[in-house]
Amino acid sequence: KMWVEAIRVRSSATALEKAATALNNEVKKINELASVEKAFIMQHATYYGDLIVFMLWNNEVKPDKTREGLMIAERLQELGSIDHAVWIPAENGE
């Protein structure tokens, strides 16, 4: 079953720029895991201090915060306030 783990940070554009290389490397490592479908970073379209890391999982594990997600959340917490959430498809959604 498909589910999403999302870690959002609210920071400043300057702080995110300084952390970009390390964060990109972490996400690259996560993408090398066999169990993750895709991990990627997105930036808010108008507020450049908002950034979110999405991890798309497709497995039979109970949807929950993963070790990888907690690691990313811990790193992002150094930059600002975070929201770490797990999302599942709506009952009638595809």
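Heads up: the structure comes first, above all this text.
All of the points below concern the structure found in this document. Keep in mind that what you see is a predicted model, and the values were worked out from it rather than measured.

**Digging into the packing of helix 1 (residues 13-31) against helix 2 (residues 67-77)**
As a packed pair, helix 1 and helix 2 sit with axes 11 Å apart at the nearest point and diverge in direction by 180°. Judged on the interaxial angle alone, helix 2 and helix 1 are roughly antiparallel. Across from A22, L23, E26, V27 and I30 in helix 1, the residues of helix 2 making contact are E68, M71, I72, R75 and L76. Its residues assigned to classes, the contact of helix 1 with helix 2 comprises seven nonpolar, no polar and three charged.

**Examining the packing of aromatic side chains**
Geometrically, a pair of aromatic rings is defined through the distance of the ring centres and the angle of the planes. Counting across every chain of the model gives two aromatic pairs. The interplanar angle of 20° and the centroid separation of 5.7 Å between the aromatic rings of W3 and W57 together place this pair among those described as stacked. Pair noted here: W3 is in strand 1 (residues 2-10) and W57 is in strand 3 (residues 50-58), with a separation of 54 residues, a long-range link. Given the relative accessible area of 2%, W3 is considered buried.

Definitions and cut-offs
- Residues numbered from 1 in each chain as written.
- Predicted model: local features only at pLDDT ≥ 70, side-chain atom pairs only at ≥ 80, totals over all residues.
- Heavy atoms only, no water.
- Axes fitted to C-alpha atoms, helices over the stretch in contact; angles between N-to-C directions.
- Helix = DSSP H or I, 4+ residues; strand = E, 2+ residues; numbered from the N terminus.
- Parallel < 35°, antiparallel > 145°, perpendicular 65-115°, else oblique.
- Contact = heavy atoms within 4.5 Å.
- Nonpolar A, V, L, I, M, F, W, Y, C, P; charged D, E, K, R; others polar.
- Phe/Tyr/Trp six-rings, centres within 6.5 Å; stacked < 30°, edge-to-face > 60°.
- Buried < 20%, exposed > 50% of the residue type's maximum accessible area, 1.4 Å probe, protein only.

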